[in-house]
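Per-entry structural report
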Amino acid sequence: MAKPPSARKPAAAAADDSAFTLRSLQDAYLAKSRFEASDEDLLRFYEQMVLIRRFEEKAGQLYGLGLIGGFCHLYIGQEAVAVGLQSALDTEKDSVITGYRDHGHMLAYGIDPKVIMAELTGRGAGISKGKGGSMHMFSVDHKFYGGHGIVGAQVPLGAGLAFAHKYREDGGLCMAYFGDGASNQGQVYEAFNMAALWNLPIVFVVENNGYAMGTAVKRGSAETHFYRRGTAFRIPGMDVNGMDVLEVRAAAEVALAHVRAGKGPVLMELKTYRYRGHSMSDPAKYRTREEVQEMRDKHDPIDAAKAELLKRGVSENTIKEIDKQIRSKVNEAADFAESSPEPDLSELYTDILVESY
């Protein structure tokens, strides 16, 4: 006869319980919460953020002109997240995967803005041959694996990429982005469990812009501190200001060191803010203009980086020249996209099934 629950021997605690500290990475980050960037580093970060901002503004214009169809989700306001995190990655080894707000992550990983803009406009020269559009971009060469339209679907795929890194022993890791809205998807927790169980080299990144698809975090999530969501799976969490590129980079250094040391996954929450609606079709009436303007005026990541550069003695002319070059590059990307032909009809039948193994 089975013993009643109260008489059973308690389950043995995990061997490393005493060594597990949920806030260990957060404490390490707070001890040195800003990356000690050289002037060259900060200029590079500034240039990348401005590229993303100007590219997205141009994409918004082309959408308004009808040159970009379907859905289009802009990254304006969140630039410090992708730039701060991905500047710490090894582009030769590490993989990146994200949801459908993906243009900024691609630009931060060094992908040519011309082929991204061509993809947005559905041209054959696009990075997915014009068949993916804004939400479904992909580049094996750059280890960028999407661009996924189903909310949260990229998270278990990211765990799969991390498994591949571990299986191949290639020294790489996966950075898997998702939003505050996707954080409530069941598959996210299945991925957490598997990643922790198998000690996978992955950094889960919650880009918490406060509103998911249009619902304030406090109205849609019982636990609004998303960095705590990994607690049940023994995944240490980090709470990071996603509007300061140097704070983001400092946090990235801590998280990546943990993962590269073979200690398993990390969950990072980056508190950020998107200035536009969820997509180009979203009027964003769920928040006030005053709230958005306050974020622009007081917390803009590009303005903050510019102020830091000026404080260091970098000349206004140097910054203006960067801005001029970026505008020229984005205009070239738009011209390239508009002048590129649409895909041949035969492309309708390609990339549907894997034809060889």
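Scroll up for the structure.
What you are looking at is a predicted structure, and each value in this text was computed from that prediction instead of being measured. (Residues numbered from 1 in each chain as written. Predicted model: local features only at pLDDT ≥ 70, side-chain atom pairs only at ≥ 80, totals over all residues. Heavy atoms only, no water.)

With that settled, the discussion passes to the overall build of the protein chain. Helix and strand counts for the protein chain come out as twelve helices and five strands. A compact globule built from 357 residues would reach a C-alpha radius of gyration of about 21 Å, and the protein chain, at 21 Å, matches this within 12%. In terms of principal-axis extent, the alpha carbons of the protein chain reach across some 80 × 55 × 45 Å. Across the 357 residues of the protein chain, 50% fall into the buried class. Of all intrachain contacts in the protein chain linking residues separated by at least 6 positions in sequence, the fraction that spans at least 24 positions is 75%. Here the protein chain holds 42 positive side-chain charges and 48 negative ones, and the gap between their average locations is 5 Å. (Helix = DSSP H or I, 4+ residues; strand = E, 2+ residues; numbered from the N terminus. Rg over C-alpha atoms; globule rule 2.2 N^0.38 Å. Buried < 20%, exposed > 50% of the residue type's maximum accessible area, 1.4 Å probe, protein only. Contact = heavy atoms within 4.5 Å. Lys, Arg positive; Asp, Glu negative; His and termini not counted. Charge placed at Lys NZ, Arg CZ, Asp CG, Glu CD.)

Our focus in this paragraph is the nonpolar core. Within soluble globular proteins, side chains that are nonpolar tend to cluster in buried spots. By size, the foremost hydrophobic cluster in this structure holds 77 residues, and its most contacted members are L85, M238 and M268. Ignoring anything within four residues of it in the chain, the contact list for M268 reads L85, V203, F204, V205, V206, M238, V240, A251, A252 and A255. If you look at the next biggest cluster of nonpolar residues, it comprises 23 residues, including A162, F178, L200 and L267. (Core = buried A, V, L, I, M, F, W, Y, C linked by side-chain atoms within 4.5 Å.)

Attention now goes to the sheet that holds strand β3 (residues 202-208). The sheet built from five strands is open, its strands ordered β1-β2-β3-β5-β4 with parallel pairing. Strands with a single pairing partner mark the edges of an open sheet, and in this sheet they are β1 (95-97) and β4 (237-241). If you compare each strand with its neighbour and ignore which way they point, the axes differ by 20° on average. Where β4 lies against strand β5 (residues 266-271), five bridges are found, and the strand directions are parallel. The residue of β5 that forms the bridge with V240 is L270. Lying on the sheet, helix α1 (residues 24-31) is in contact with β4 and β5; it crosses β4 at an angle near 30°. Together, β1, β2 (174-179) and β3 form the strand contacts of helix α6 (residues 154-168), whose direction differs from that of β2 by roughly 175°. (Pairing = 2+ DSSP bridges. Axes fitted to C-alpha atoms, helices over the stretch in contact; angles between N-to-C directions.)

Moving on, we get to the side chain of K58. Locating K58 in the fold gives a position in helix α2 (residues 39-64). For the buried K58, no salt bridge is present, and the opposite-charge side chain at shortest range is E338, 6.6 Å distant. Leave out the neighbours within four places in its chain, and K58 touches M117, V330, N331 and A334. (Salt bridge = Lys/Arg side-chain N within 4 Å of Asp/Glu carboxyl O.)

Turning to the packing of α2 against helix α9 (residues 245-260), a few remarks are in order. Interhelical geometry of α2 versus α9 gives an angle of 110° and a closest axis separation of 11 Å. As summarised for this structure, α2 and α9 are arranged roughly perpendicular, according to the angle between their axes. Residue-level inspection shows L42, F45 and M49 of α2 in contact with α9, the latter providing V245, L246 and R249. For the contact of α2 with α9, the class distribution of residues is five nonpolar, no polar and one charged. (Parallel < 35°, antiparallel > 145°, perpendicular 65-115°, else oblique. Nonpolar A, V, L, I, M, F, W, Y, C, P; charged D, E, K, R; others polar.)

Right, let's talk about α2 for a bit. The end-to-end C-alpha separation of α2 is 37 Å, in line with the 38 Å expected for 26 residues at 1.5 Å each. Within two residues after α2, G66 carries a phi angle of roughly 85°, on the positive side. (Expected span 1.5 Å × (residues − 1).)

Their axes nearest at 9 Å, the elements α2 and helix α12 (residues 316-339) cross at an angle of 40°. Between α2 and α12, the crossing angle belongs to the class labelled oblique. With respect to the hand of their crossing, α2 and α12 are arranged in right-handed fashion. Across from L43, Y46, E47, V50, L51, R54, F55, K58 and L62 in α2, the residues of α12 making contact are T318, I319, I322, D323, I326, R327, K329, V330, N331, A334 and E338. (Left-handed = near helix turned anticlockwise from the far one by under 90°.)

Judged by side-chain polarity, F163, Y167, M194, L197 and W198 come together as a nonpolar surface patch covering roughly 600 Å² of accessible area. Elements represented by at least two residues in the nonpolar patch include exactly α6 and α7 (186-197). Along the chain, the position of M194 falls in helix α7. (Patch = residues over 30% accessible without salt bridge, like charges linked within 9 Å, V, L, I, M, F, W, Y side chains within 5 Å. Areas by Shrake-Rupley, 256 points an atom, 1.4 Å probe, with all protein chains shown as cover.)

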